[in-house]
Amino acid sequence: MTEQRRGIILIGAPGSGKGTQAKKMKAALGYAHISTGDLLRAAVAEDSELGRKAKGYMDEGQLVPDSLVIDLLKEALGGPEAQQGFILDGFPRTMAQADALDAEVTVDRVVALQVPFDLIEERITGRRMSKSGHVYHVKHNPPKVDGVCDATGEALYQRSDDTAPKVVARLAKFESETRAVIAHYQHKGVVVEVDGVGDPSEIFTRVMAVL
Ligand code: AP5
Ligand code: MG
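Parameters and conventions
Residue numbering note: each chain is counted from 1, following its sequence as written. Here chains are named by letter from A upward and ligands by number from 1 upward, in the order in which they appear as written. Under the rules for a predicted model, residues below a pLDDT of 70 receive no local features and side-chain atom pairs below 80 are neither given nor counted, while totals for whole chains, interfaces and linings still include all residues. The basis for every side-chain value is the complete set of non-hydrogen atoms in the structure, without hydrogens or water. To form a nonpolar core, buried Ala, Val, Leu, Ile, Met, Phe, Trp, Tyr and Cys residues must be joined to one another through side-chain atoms within 4.5 Å. Burial classes follow relative accessibility: with a 1.4 Å probe on protein chains only, a residue under 20% of its type's maximum area counts as buried, one over 50% as exposed, and anything between as partly exposed. Residue contacts are counted whenever heavy atoms from the two residues lie within 4.5 Å of one another. Either an automatic procedure or a domain database provided the assignment from which the domain bounds are taken. Each salt bridge in this description consists of a side-chain nitrogen of Lys or Arg and a carboxyl oxygen of Asp or Glu lying within 4 Å of one another. Polar contact is defined as a pair of N or O atoms within 3.5 Å, subject to the rule that within protein one atom must be able to donate a hydrogen and the other to accept it, and that residues adjacent in sequence are counted only when both atoms are side-chain atoms. A helix here means a DSSP run of H or I that spans at least four residues, while a strand means a run of E at least two residues long, and both kinds are numbered starting from the N terminus. Distances are taken per atom, and a residue is near a molecule or strand as soon as one of its heavy atoms is within 4 Å of it. Surface accessibility follows the Shrake-Rupley procedure with a 1.4 Å probe radius. Residue values consider only the protein chains on display as shielding. Each residue gets one label: Ala, Val, Leu, Ile, Met, Phe, Trp, Tyr, Cys and Pro are nonpolar, Asp, Glu, Lys and Arg are charged, and the others, such as Gly, are polar.

Turning our eyes to something else, we now look at the nonpolar core. Membership of the largest hydrophobic core comes to 37 residues, with the highest contact counts inside it found for Ile9, Ile34, Leu88, Leu101, Val110 and Tyr185. Sequence-distant contacts of Leu88, that is, excluding residues within four places in its chain, are made with Ile8, Ile9, Leu10, Ile34, Leu73 and Leu101. Judged by nonpolar contacts, the second largest core, of twelve residues, contains Ile8, Leu10, Val111 and Val194.

Given below as C-alpha cells:
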C-alpha cells in the first residue's frame, strides 16, 4: 500500500554534494532530511548494535547490508518530521532498497547530481566534519580557524572512509549497484539530472528549479 506525501530522492556519486544540497532543501521546504550515512555514523558513534554491525562495511567503503539499512529507513520515514515530506540522501543505493522504498511511499522526483569523477576525489579527501554534523572543505568551504567548527567550536575530523583508496571502493559500488537504481527511476519518468559543478548556491537554484 503506497501513500501520498512529497518524496524527493537526491542521488549521485560519493561527494557529489547530496548532503550539502539536502540541507539547503530542508531549510527551504521544511521536509525531513534523511541521510542513511548520517544515521549510520550516529549509530557507530553511539556504539549501538546497528553501529557495531555497520562499522566494518563503512570503514572499507562497502555498502551496509540491505536489511539493516531498510529497517533504519523505514523507522526514519515513520517519524513525525517526515510526514509532510522527505528528502532522501544516500538511499536507495541498491535495487533491493528501491523496491522496499517503492512498497512504502511514492517518490515524486529523483534529482541526480552530475559531477565528473575527477572532481570527486578532491571533494571527498578535502572534507572535514564536526561531530554535530557541520561539513567543511579545506579549500572550497574552509572554517575560519583551521580544524575548528565555526558553528560549535568542536574539533573537525575526517571521515574514516574519506581517503583516496576508499573513494575508489565507494565509486565502484556506485557504478555496480546505484546506477541501476537511477535507471529504475528513469523508467518511471521521475529522474531529473542536475549539473553538480559550480558554487553550491548556484547548484541549489538548479535543484529548486526542477522540483
Ligand atoms: P554516505 O554518508 O551517504 O556517503 P556518500 O554517498 O559516499 O556521499 P558523501 O556523504 O561522501 O557525499 P555527499 O554527496 O553527501 O557530498 P557532500 O555534500 O558531503 O554513506 C557513507 C557510507 O555509509 C557508505 O559508503 C555505506 O557504507 C553506508 N551507507 C549509507 N547509506 C547506505 C545505504 N543506503 N545502503 C548501504 N550502505 C549505506 O560534499 C562533499 C564535500 O565536497 C564536502 O566537503 C563539501 O563541503 C564539498 N562540496 C559540496 N558541494 C560542493 C561544490 N558545489 N563545490 C565544491 N565543493 C563542494
Ligand atoms: Mg553525504
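Assigned domains within the protein: domain 1 (6-115 + 162-205) and domain 2 (127-161). With centres defined by C-alpha atoms, the gap from domain 1 to domain 2 works out at 21 Å. Listed as interface residues are nine residues of domain 1 and, on the opposing side, eight residues of domain 2. Taken together, the links from domain 1 to domain 2 amount to three salt bridges. Note that Asp162 is salt-bridged to Arg127, the shortest N-O span being 2.9 Å. On inspection of domain 1 and its partner domain 2, the count reaches seven residue pairs in polar contact (both at pLDDT 80 or more). Looking at the side of domain 1 that touches domain 2, the elements with two or more residues in it are helix 3 (49-59) and helix 7 (164-188). It is helix 7 that contributes the most residues to the side of domain 1 that touches domain 2, three residues altogether.

Moving on to the site of ligand 1. Among the 33 residues in the neighbourhood of ligand 1, the closest are listed as Thr20, Gln62, Arg93, Arg127 and Arg170. At 2.9 Å from a nitrogen atom of ligand 1 is found a side-chain nitrogen or oxygen belonging to Gln97. Here Tyr136 contributes a backbone N or O atom positioned 2.9 Å from an oxygen atom of ligand 1. Contact with the protein chains covers 96% of the free accessible surface of ligand 1, which is 1000 Å². Elements with a minimum of two residues in the shell around ligand 1: helix 1 (18-29), helix 2 (36-46), strand 6 (135-137) and helix 8 (200-210). Taken together, the residues that form the shell around ligand 1 break down as twelve nonpolar, 13 polar and eight charged. The residues that make up the shell around ligand 1 include at least three from each of domain 1 (6-115 + 162-205) and domain 2 (127-161).

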